[in-house]
Amino acid sequence: MGDTLTLALGVLTVGAVGLGAWRRWHPASFWYGVGFPSRAALVYLTWRHVASGCGLTRHRRRWRWTLDAVPIVGPAARGAATVVEQKRRVRRVDVERAPRLGVLRPTRLGWRMRVRLHDGQVPADYERAAEGIAHAWRVHSVRVVDVRPGVVTLWATMRDPLTTVTVTPETGELLTVRPGKLENGADWVINLRTVPHWLIAGATQSGKSNLANAVIKGLAPQPVALVGFDLKGGVEFTPYAPRLSALATTRAECVALLGDLVAELEERMVLCREAGARNVWTLPEGLRPVPVVLLVDEVAELFLMADKSEKDQVAKTATALLRVAQLGRAFGVHLIVCGQRIGSDLGPGVTALRAQLSGRVCHRVNDPETASMTLGDLNPAALEAARAIPAETPGVCVTAGQDGTWHRARSVYVSEAQAEQAARDHAHLTPDWSAVVGSAPVTRPAVPEAA
Ligand SMILES: Nc1ncnc2c1ncn2[C@@H]1O[C@H](COP(=O)(O)OP(=O)(O)OP(=O)(O)O)[C@@H](O)[C@H]1O
C-alpha cells in the first residue's frame, strides 16, 4: 500500500516537473495528458503548506498518536527505556488545519475550486491571501469569486487572457454589446437593458475612446438612436455622425438636447401610463419607442465653469442629466458617460449622477479620487485592482456592475477607421432626431465627407 502510494506520488511529481518544460512550447495542451491530474495533485498535496504560508490555517486541539512510546534502540536505549514506558501513546496536541478544498474544476485558462471558510474567516481574508496563493501555485492570478455563506470559490488563471483580445463587439441582441474579454476568459458583455447607465473613467491614453469605438461598432447595426455629447469640440464623435441622430459639441447644445430628451421621457411616461405598462419594454411592440443611447465624452466639461455667468447653464445641465439617468431605465434612454477625472470638486451634480450610473468601468487613472468615485462605493478590492493597472496596457480596466461582482477586463482594439466604417455602413438605420423626440432637431450632426 505504502509502495503504491510512493509510486503514484513519484509519477505525479515527475509529470508536474515535465509539465513545466512542456507548457513552454505548447501552452494550449496544458489540460491534456498528465497536466491536469499532476497539477490537481500538487494543489491538494501542498494546500496545507500554502494555506499556512498565507495565514489561512487554524490551530485545533486534537487527539493524536505520538511516537513517544516507541522504544529507543541503540546506545541511548539504556536508561531511557524506563522513561518511555511511562509516556502515553495518545495525547492531545495542537494541529494546523487548512480550510477544506472542494473539487478542482478545470476552466479554459486554469481552474476553480471551492474553499470552505474556517469559523471566523471572511472572504476578505482570501482576497488578501490571493496574491500569495497565486505565487505558491505558480499561476498568473487567483481571484475570489462567487461568495456564498461559509464558502468562497478561488479562480486561478494560468496566463493573462487580456494580453490579446479578439472578439466582435456586435452581439445581434438589442442594446447588448461585447466590448472585450474578462480576466476569467469569458466575453465582457454590456447589456444596457440589465445595467442601463455606465460611467467610464480613465486617464488620457488609457483606452476610453477605444471602448467608446467598440460600443458604437456594437450598437451601430441595432435599431437604436445614438446621440453624442462631445465637448472636445466634436473631434471624437464627428467621424461617427452618419450613425448619430444628434450631436452636441457645446454646452448650450447639450442643454438643448437634454431638454428634448427630458420632454421625450415625459411623453414616454404618458404613453406607458395610458397603455397600463410599467416601462417601455412591456408595451406592445408596435407602440414601443426607439431606445436612445446617449454617449458623453469628457463629462467634466459639462460641469466645469470658467466664471459665475455659466453657473445657471451648468446647473441646468446637471439637473437634466440626472433626470435622464433617473427616468431613463424604465423609458429606454441609456447613458454612457466617459471622463478623465470624476471628482466631487466638480459639484454635487456629479456625485448624484454617479449614484445613478450603476455600471462602472475604471481604466488606469491619474488620481486616486477618480478611482474611488468610480469603484470605491461598489467594491474596495476592485479599487485596488484599478490602481494597479499599468500604463503599457491601454484598454485594460476594472468593470463592476450592480450585482456586486467586478472583473479585470480589456476592450478589443477597434480603430477609429473601423468604427467610422461601421457608422457609414449602418447610416441607413439612423433614426431622425425629430422622429425620436417628436420635435425638430436642435443639433444635427454634420456628416463628414467620405474619404
Ligand atoms: N484595447 C486596446 N488594445 C490595444 N490598444 C489599445 C486599446 N485601447 C486603446 N488602445 C490604444 O491606446 C491608445 C490610447 O487609446 P484611447 O485614444 O482610446 O485613449 P483615451 O483614454 O481615449 O485617451 P484620450 O483621453 O487622450 O482621448 C490608442 O493608441 C489606442 O490605439
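The rules behind the values
- Residues numbered from 1 in each chain as written.
- Predicted model: local features only at pLDDT ≥ 70, side-chain atom pairs only at ≥ 80, totals over all residues.
- Heavy atoms only, no water.
- 1 Å grid on protein atoms, 1.4 Å probe; cavity = no way out; pocket = protein on both sides within 12 Å on 5 of 7 lines; lining within 4 Å.
- Points joined across faces, edges and corners; volume = space filled by probe spheres on them.
- Helix = DSSP H or I, 4+ residues; strand = E, 2+ residues; numbered from the N terminus.
- Nonpolar A, V, L, I, M, F, W, Y, C, P; charged D, E, K, R; others polar.
- Domains from an automatic or database assignment.
- Buried < 20%, exposed > 50% of the residue type's maximum accessible area, 1.4 Å probe, protein only.
- Arc of directions from axis to C-beta.
- Contact = heavy atoms within 4.5 Å.

*Asks:* Break down the layout of surface pockets for me, citing the residues and quoting the values.
*Replies:* If you add up the space inside the largest pocket, you get close to 630 Å³. Residue lining of the largest pocket: 22 residues in total, with Glu 131, Val 142, Arg 143, Ala 385 and Trp 406 positioned closest to the centre. Sorting the residues of the lining of the largest pocket by element identifies helix H4 (123-137), strand S5 (141-148), helix H11 (380-387) and strand S16 (406-411) as the ones contributing at least two each. Sorting elements by how many residues they give to the lining of the largest pocket places H4 first, with 6 residues. Along the lines of polarity and charge, the residues of the lining of the largest pocket split into 12 nonpolar, 3 polar and 7 charged. For the lining of the largest pocket, the two domains that each supply at least three residues are domain 1 (2-57 + 98-157) and domain 2 (176-437). By volume, the second largest pocket is sized at about 370 Å³.

*Asks:* Give me helix H12 (residues 416-425): which residues, what numbers.
*Replies:* Within the span of H12, buried status applies to Ala 419, Ala 422 and Ala 423. For H12, the angular spread of buried residues about the axis comes to 100°, placing them on one side. Of the surrounding secondary structure, the elements contacted by the buried residues of H12 are helix H5 (208-219).

*Asks:* Explain empty space enclosed by the protein to me, using residue names and the numbers behind them.
*Replies:* Counting across every chain of the model gives 2 cavities of 30 Å³ or more. Considered as a void within the structure, the largest cavity measures approximately 70 Å³ in volume. Residue assignment for the lining of the largest cavity shows that the elements contributing at least two residues are S5 and strand S6 (151-157). Of the residues forming the lining of the largest cavity, the biggest block, 3 residues, is contributed by S5. Of the residues assigned to the lining of the largest cavity, the class counts are 2 nonpolar, 4 polar and 2 charged. Each of domain 1 (2-57 + 98-157) and domain 2 (176-437) contributes no fewer than three residues to the lining of the largest cavity. For the second largest cavity, the calculated volume is near 50 Å³. Taken together, Leu 199, Val 299, Phe 303, Val 337, Ile 342, Val 350, Leu 353, Arg 354 and Leu 357 make up the full set of residues lining the second largest cavity. If you tally residues by element for the lining of the second largest cavity, the top one is helix H9 (residues 348-356), at 3 residues. Classifying every residue of the lining of the second largest cavity by side-chain character gives 8 nonpolar, no polar and 1 charged.

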